[in-house]
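For reference, the chains in residue letters:
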Amino acid sequence: DFHSRQHSTFLSAKTKKCISIDKVCNLVDDCGDASDEMNCTNNIKCRTGRTFISLTQKCNGAIDCEDYSDECNEQCGKQIISGYVLKVAAWIIGTLSVFLNTFTLYMTISNHLADSQSSFTITKSFTIAINVGDLITGLYIVTIAFVDIGVLQNKLLCLPIPMVV
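Since this is a predicted model, take the numbers as computed values, not measurements.

A.B. asks: Residues and numbers for the overall build of the chain, please.
C.D. replies: From N to C terminus, the chain includes 2 helices and 5 strands. Taken from the N to the C terminus, the helices and strands of the chain come in the order β-β-β-β-β-α-α. For the chain, contacts bridging at least 24 residues in sequence account for 30% of all contacts bridging at least 6. As displayed, the chain offers around 11,300 Å² of accessible surface, 64% of which is attributable to carbon and sulfur atoms.

Following this line, the structure appears as structure tokens:
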């Protein structure tokens, strides 16, 4: 590709189309081979097709490319929990907390209901309150781990799109 600043024109090496220099890097493929938009610092090319978008549209939460490549890529991922070990630990601790506290709550309440003679003591009240607090904490940890893997960050939209040839 040949830039001629003296003449204020751009010549495509492939199509031999000559365009005005002000049409270079304007997000429109004016040459027919995208050479006027390549190597521009103000835009990116969508993975498929011939669409160019402004650099500010990448990773902004809005899908601008038909193939979602402006949002579904390595650069747009947001991590809450860093490190594989911590991610696994969050899932294990959160899941165990949810299941074990649900089981303990169920057993405490069902034992109390089965034993009609037993009074509902302060100790049982505190036990239930602690189990509920731990259950909520476990749900919070699982939610954070879930969000961290991207399921709630529009990543369901980031499924592979079959290429149409």
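More follows now that the structure is in view.
A.B. asks: Give a detailed account of the environment of Ile130, specifying residues and quantitative values.
C.D. replies: Structurally, the position occupied by Ile130 is in helix 2 (residues 122–148). Using a relative accessible area of 53% as the deciding quantity, one classes Ile130 as exposed. In sequence terms Ile130 and Leu105 are 25 residues apart; their C-alpha atoms lie 9.6 Å from each other.

A.B. asks: Residues and numbers for the packing of aromatic side chains, please.
C.D. replies: Aromatic ring pairs are reported here in terms of the distance separating the ring centres and the angle at which the planes meet. As enumerated under the stated definition, the model contains 1 aromatic pair in all. Ring geometry for Trp91 versus Phe146: centroids 6.5 Å apart, planes at 80°, classification edge-to-face. In this pair, Trp91 is assigned in helix 1 (residues 84–114) and Phe146 in helix 2, connecting sequence segments 55 residues apart. Accessibility expressed as a relative area gives 32% for Phe146, which makes it partly exposed.

A.B. asks: Just give me the short version of the state of the cysteines, but keep the residues and values in it.
C.D. replies: A covalent bond between the sulfur atoms of two cysteines is referred to as a disulfide. Scanning the entire structure with this criterion turns up 2 disulfides. Linked covalently through their sulfurs, Cys25 and Cys40 form a disulfide whose S-S length is 1.9 Å. The chirality of the disulfide connecting Cys25 with Cys40 is left-handed, given an S-S dihedral of about -85°. Placement of Cys25 in the loop between strand 3 (18–20) and strand 4 (43–45) and of Cys40 in the loop between strand 3 and strand 4 is noted, with a sequence separation of 15 residues between them. Covalently, Cys46 is tied to Cys65 through a disulfide, its sulfur atoms 1.9 Å apart. Between Cys46 and Cys65, the disulfide has an S-S torsion of -75° and is therefore left-handed. With Cys46 in the loop between strand 4 and strand 5 (52–54) and Cys65 in the loop between strand 5 and helix 1, the pair connects residues that are 19 residues apart, well separated along the chain. There is no split in this pair, since Cys46 and Cys65 are both buried.

A.B. asks: Can you lay out a nonpolar patch on the surface for me, pointing to particular residues and giving the numbers?
C.D. replies: Taken together, Tyr84, Val85, Val88, Ile92, Leu96 and Leu100 make up a surface patch of nonpolar side chains, about 630 Å² in accessible area. Topologically, Leu96 is positioned in helix 1. On the accessibility criterion, Leu96 (45% relative accessible area) is partly exposed.

A.B. asks: Hey, could you go over the confidence of the model for the chain for me, with residue numbers and the actual values?
C.D. replies: Mean pLDDT over the chain: 79, with 81% of residues reaching 70 or higher. The least confident element of the chain is strand 1 (residues 2–4), whose mean pLDDT is 47; the most confident is strand 5, at 91. Residue range residues 1–5 is modelled with pLDDT below 50. Its contacts to residues more than four positions away, or to other chains, number 14 contacts.

A.B. asks: Run through the pattern of salt bridges, naming residues and quoting values.
C.D. replies: Pairing is possible between side chains of opposite charge, provided their charged atoms come close. Here the structure, examined in full by the defined rule, presents 1 salt bridge. For Arg50, the salt bridge identified is with Asp29, shortest N-O distance 3.1 Å. With Arg50 in the loop between strand 4 and strand 5 and Asp29 in the loop between strand 3 and strand 4, this residue pair connects regions lying 21 residues apart in the sequence.

Procedures and definitions
Residues numbered from 1 in each chain as written. Predicted model: local features only at pLDDT ≥ 70, side-chain atom pairs only at ≥ 80, totals over all residues. Heavy atoms only, no water. Helix = DSSP H or I, 4+ residues; strand = E, 2+ residues; numbered from the N terminus. Contact = heavy atoms within 4.5 Å. Areas by Shrake-Rupley, 256 points an atom, 1.4 Å probe, with all protein chains shown as cover. Buried < 20%, exposed > 50% of the residue type's maximum accessible area, 1.4 Å probe, protein only. Phe/Tyr/Trp six-rings, centres within 6.5 Å; stacked < 30°, edge-to-face > 60°. Disulfide = S-S within 2.5 Å. Patch = residues over 30% accessible without salt bridge, like charges linked within 9 Å, V, L, I, M, F, W, Y side chains within 5 Å. Salt bridge = Lys/Arg side-chain N within 4 Å of Asp/Glu carboxyl O. pLDDT = per-residue confidence, 0-100.

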